[in-house]
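A structural walkthrough
Residues per chain are reported as follows:
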Amino acid sequence: MKMGEKHNEPETTFSSRWQTLRTNLPHLLHKYCGHDLRSFQSLDGFMTLIYRPTDAAGIGVARMLFGLMMLIDIPEERGGGDLDFRWGDPRGCKFPLITGMEPLSYPRMGILYLVMWLGALGIMLGYRFRFSALLFVTSYWYVFLLDKSAWNNHSYLYGLLGTIFLFTDAHKCYSVDAWRNKTLQPEVPFWNYLILKYQFFILYFLAGLKKMCPEWLSGYAMTNLSYHWVFLPFRSLMGPKLTDLLIIHWFGCIFDTSVVFFLVYAPTRKIATLFACAFHLMNSRLFHIGMFPWVCLTQLPLYYSVSWPRLVWKKLSFKNDTNYKRNASKKSEKYLNPVASPRSKKLTMSTMLIYCALQLFLPYSHFITKGYNNWTNGLYGYSWDMMVHAWDTVLTSIKVVDNNNNQSLYLLPYAFVDNDRWTKHADMAYQFAHCIDRNIRAEYRDNHRPFTNFSVYFDIWCSMNGRFLQRIFNPEVDILTAKWSPIEPVDWVLPLLHEFTEMRTMIDSTTQEVHSWSNTSDVLFVADFPGLTLDNYIISDMDNVTLTVLVGSIDYRHANDSAIQHLERGQSISNIPPLFHHVTTTSASSSSMLYTYVNKTMKLAPTEDELTERRQSKPILPLWEEFNVRFDNYVRFFQHVGNSLLYEIYGVPMPRRVRVSPDETTWITE
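Residues numbered from 1 in each chain as written. Predicted model: local features only at pLDDT ≥ 70, side-chain atom pairs only at ≥ 80, totals over all residues. Heavy atoms only, no water.

A short note on the packing of helix α2 (residues 43–50) against helix α16 (residues 342–361)
The test is simple: In this analysis an axis means a line fitted to C-alpha atoms, helices contributing only their contacting stretch, and an angle means the value between N-to-C directions, from 0 to 180 degrees. Secondary structure follows DSSP: runs of H or I at least 4 residues long count as helices, runs of E at least 2 residues long count as strands, and numbering of each begins at the N terminus. Each angle receives one of four descriptions, namely roughly parallel if under 35 degrees, roughly antiparallel if over 145, roughly perpendicular if within 65 to 115, and oblique otherwise. Residue contacts follow a heavy-atom distance rule, with two residues in contact if any of their heavy atoms lie within 4.5 Å. In this classification, Asp, Glu, Lys and Arg are treated as charged, Ala, Val, Leu, Ile, Met, Phe, Trp, Tyr, Cys and Pro as nonpolar, and every other residue, Gly included, as polar.
Taken N-terminus to C-terminus, the directions of α2 and α16 make an angle of 90°; their axes are 11 Å apart at the nearest point. By the angle class used here, α2 and α16 are roughly perpendicular. Residue-level contacts link L43, F46, M47 and I50 of α2 to P342, K345, K346, M349, M352 and L353 of α16. Looking at the contact of α2 with α16 residue by residue, the class counts come to eight nonpolar, no polar and two charged.

As structure tokens, this is what we get:
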């Protein structure tokens, strides 16, 4: 054999294999997803595909179930049952996406929620569908954009789904509109299904891609979740640590990235549905995420036959569906596009493709919206980074300085807000500081005190995914005068101390060792930046407090003693007395340290056996309790809405609850 022939053999083999693949590709594509390859080889072919007449039964059921889920969601996660808490306090701080965007008055917010609820009801019933969907979508997005601190991935998803349904013909089957208008043909363009399935593909697939990071795959995001009863079979077989790592983290990542591909492929669709149902049902028990698992469950049938409701009904009734026996090929074109021109079809196709590209781009657009980047990129909601980051906020110090009188006051962490989401995002911290300034100025004016100027400082200590506690904002920067822009990095956000990330293994082992000393021993890990001072307060219930330097060097001074002690790596101070002490990092790089102490109050805490007994005494599926909570939310929701209508129509004063303590409320009338 000649050398030239021997050299060309691999090329010939590769060429033949490529030719075989090209020949079989149309067959493989049709076998996998049921579509002809020619539909994707040109814009005209794709337009023909997306305008293919399709039975509206499947999307009709999806519309009804989505509307039902939103009817349940509005009094719950949208805050309808707690309208007075969420929108009733005129001093309450909100975090709108658009600067200057303000909520309506409390009574009018109640009416807006009624409009949203009526829109969801119209979607479910298919009554004046387009108008109902418009009512729901506009009111929903308005409430959504009013407060970034309430954003979640699933609340963002609901707005997207409502918008998609608005532009579909989902009301042409199983709806009041179809019942009233007998001329409506129960057929929709195929793109009605395609865009909904694509949206759920984005939900799952991008959530899986976001989990392909060391934080998730190393098992630091969802620690100790395996102790929940839903993981009992896995915990019994492999123990809690492997269950956390393999089942919760690794399998969660694999599931998200692959489930839609298995749902699309007919031979694996049923088994993928079983896994998806188990996944969402477990999430409904594990997390307080409202209707999100149920919305996903109700939309799973979109991946089945578009006529699945008719097939189910046929099997249940043992007779044919006579309402759909028609010559679809003759009537569908007349129905679907009686006045549709090629230009309008191209416009619809272009809009859909732009939307699809936007959904792929937004979760990775953080290189543009730099002002929203902190330790994590972007705002929580549209990025689909679900459960990837677990936060532990230990200290929130809000200091307000009256610069004219040189007086300082400290606000409670939950002053003017009902959650601490703002503590992790610079844009919300900036908005909160200005809200504090407005409220204090208003109080000064009401009390006829002289006008003054203030400064607001935040000293917030957080731990993300099991790292050291550290500051997230520079405590020496006046947030009122600080600069913030949505497209520029925020210079007063302190960076995450990545140099200590590898010490998380040491944190875990040391924590276990300290806890083994006694039932009342505990440990706290802290890191700080050069030149900054930690003001730590030791309460009287803490005993045998010891400070040990792990990395760097510090200066230590107690409030009752002017003497300064310098500590290097490995050195300690024992028996630190109560009250304040001050720790200043003197090394050129960041320092890390640990506190070990005995918590006297832990002696009064229940033992492990008592905790186990309490857990066993709780119902595994408290369905009746959950129903009662939802029922109470609905009752309060209609009370708030009724009071809003009475106020706007007749001027009847509105009662509302106010919090006098974390666990106690009282009523006032305005």
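A word on the packing of aromatic side chains
Rule in force here: Each Phe, Tyr or Trp ring, with Trp reduced to its six-membered ring, pairs with another whose centre is within 6.5 Å; inter-plane angles below 30 degrees give stacked pairs, above 60 give edge-to-face pairs, and intermediate values give tilted ones. The rule is simple: take the accessible area with a 1.4 Å probe, protein chains only, and divide by the maximum for that residue type; under 20% is buried, over 50% is exposed, in between is partly exposed. Think of it as a cone above the ring: NZ of Lys or CZ of Arg counts as a charge over the ring if it is within 6 Å of the ring centre and within 35 degrees of the ring normal.
Scanning the model with the defined rule gives 36 aromatic pairs in all. Ring geometry for Y140 and W141: centres 6.3 Å apart, planes at 90°, overall edge-to-face. Given the relative accessible area of 3%, Y140 is considered buried. Pairing Y372 with W484 gives two aromatic rings, centres 5.4 Å apart and planes at 75°, and the pair type is edge-to-face. With Y372 in the loop between α16 and β3 (391–402) and W484 in the loop between β6 (470–471) and α18 (504–517), this residue pair connects regions lying 112 residues apart in the sequence. We note that Y372, like W484, is buried. Site record: aromatic cluster; members linked through ring pairs are F66, F136, Y140, W141, F144, W151, Y156, F165 and W384. Lying over the aromatic face of F190, R52 brings its terminal NZ or CZ to 4.5 Å of the ring centre. In this arrangement the basic side chain of K345 is found over the ring face of Y51, its NZ or CZ atom lying 5.4 Å from the centre.

Brief notes about the state of the cysteines
Selection criterion: Only a pair of cysteine sulfur atoms within 2.5 Å counts as a disulfide in this structure description.
Summed over all chains, the structure comprises one disulfide. C93 shares a disulfide with C435; S-S distance 2.0 Å. Judged by the sign of its S-S torsion, about -90°, the cystine formed by C93 and C435 is left-handed. With C93 in the loop between α4 (83–87) and α5 (106–125) and C435 in helix α17 (residues 426–446), this pair connects stretches of sequence that are 342 residues apart. The exposure class of C435 is buried, given its relative accessible area of 4%.

Description of α16
Keep this limit in mind: Expected helix span is given by 1.5 Å per residue-to-residue step, counting one fewer step than there are residues. Directions from the helix axis toward the C-beta atoms define the arc.
Here α16 is 20 residues long and its end C-alpha atoms lie 28 Å apart, about the 28 Å a rise of 1.5 Å per residue gives. Taken together, the buried positions of α16 are K345, M349, M352, Y355, C356 and Q359. Buried residues of α16, viewed axially, fall in a sector of 120°; they line one side. Of the exposed residues in α16, those oriented more than 90 degrees away from the buried face are R343, L347 and I354. Those residues of α16 that are buried are in contact with α2, α7 (153–167) and α9 (191–211).

Comments concerning the nonpolar core
General note: in soluble globular proteins, nonpolar side chains tend to be found buried as a group. The test is simple: What is meant by a nonpolar core is a set of buried Ala, Val, Leu, Ile, Met, Phe, Trp, Tyr and Cys residues, joined one to another through side-chain atoms within 4.5 Å.
F136, W422, F432, I436 and F458 are the most contacted members of the largest nonpolar core, which has 138 residues in total. Among the elements that make up this core, the one with the highest residue count is α9 (twelve residues). In this structure F136 touches F66, M70, I74, M116, G119, A120, I123 and G162, once residues within four positions along its chain are discounted. The next biggest cluster of nonpolar side chains, apart from the first, holds 18 residues, and it includes W461, M542, V549 and I554.

Focus: the environment of H581
As a reminder of what qualifies: Side-chain atoms alone can form a polar contact between residues adjacent in sequence; in general such a contact is a pair of N or O atoms within 3.5 Å, and within protein one must be able to donate a hydrogen while the other accepts it.
One can find H581 in strand β13 (residues 579–585). In the structure, H581 is positioned 46 residues away from D535 in sequence and 6.0 Å away in space, judged by C-alpha atoms. Not counting the four nearest positions on each side in its chain, H581 is found in contact with L534, D535, N536, I538, Y556, R557, H558, A559, I576 and Y595. Of note is the side chain of H581, whose polar atom sits 2.8 Å from the side chain of Y595.

Thoughts on the sheet that holds strand β12 (residues 572–573)
Stated formally: Whether two strands pair comes down to DSSP finding at least two bridges between them.
Read across the sheet, four strands follow the order β7-β14-β9-β12 without closing on themselves; strand pairing throughout is antiparallel. Whereas interior strands pair on both sides, the edge strands pair on one side only; in this sheet they are β7 (521–528) and β12. In terms of strand pairing, strand β9 (residues 542–551) meets β12 through two bridges, oriented antiparallel. Residue pairing across strands places L547 opposite I573, the latter belonging to β12.

Some remarks on the packing of α5 against helix α20 (residues 623–650)
Selection rule: Two helices crossing with the near one rotated counterclockwise from the far one by less than a right angle form a left-handed crossing, whereas a clockwise rotation gives a right-handed crossing.
The N-to-C vectors of α5 and α20 enclose an angle of 120°; their axes lie 8 Å apart at closest approach. Overall, the two elements α5 and α20 adopt an arrangement that is oblique. The two elements α5 and α20 meet at a crossing, and its hand is left-handed. Where α5 abuts α20, its residues Y106, P107, R108, G110, I111, Y113, L114 and W117 lie against Y634, F637, F638, H640, V641, S644, L645, Y647 and E648. Here the residues of the contact of α5 with α20 sort into twelve nonpolar, three polar and two charged.

From the geometry alone we can't say anything about function, so treat these as descriptive.
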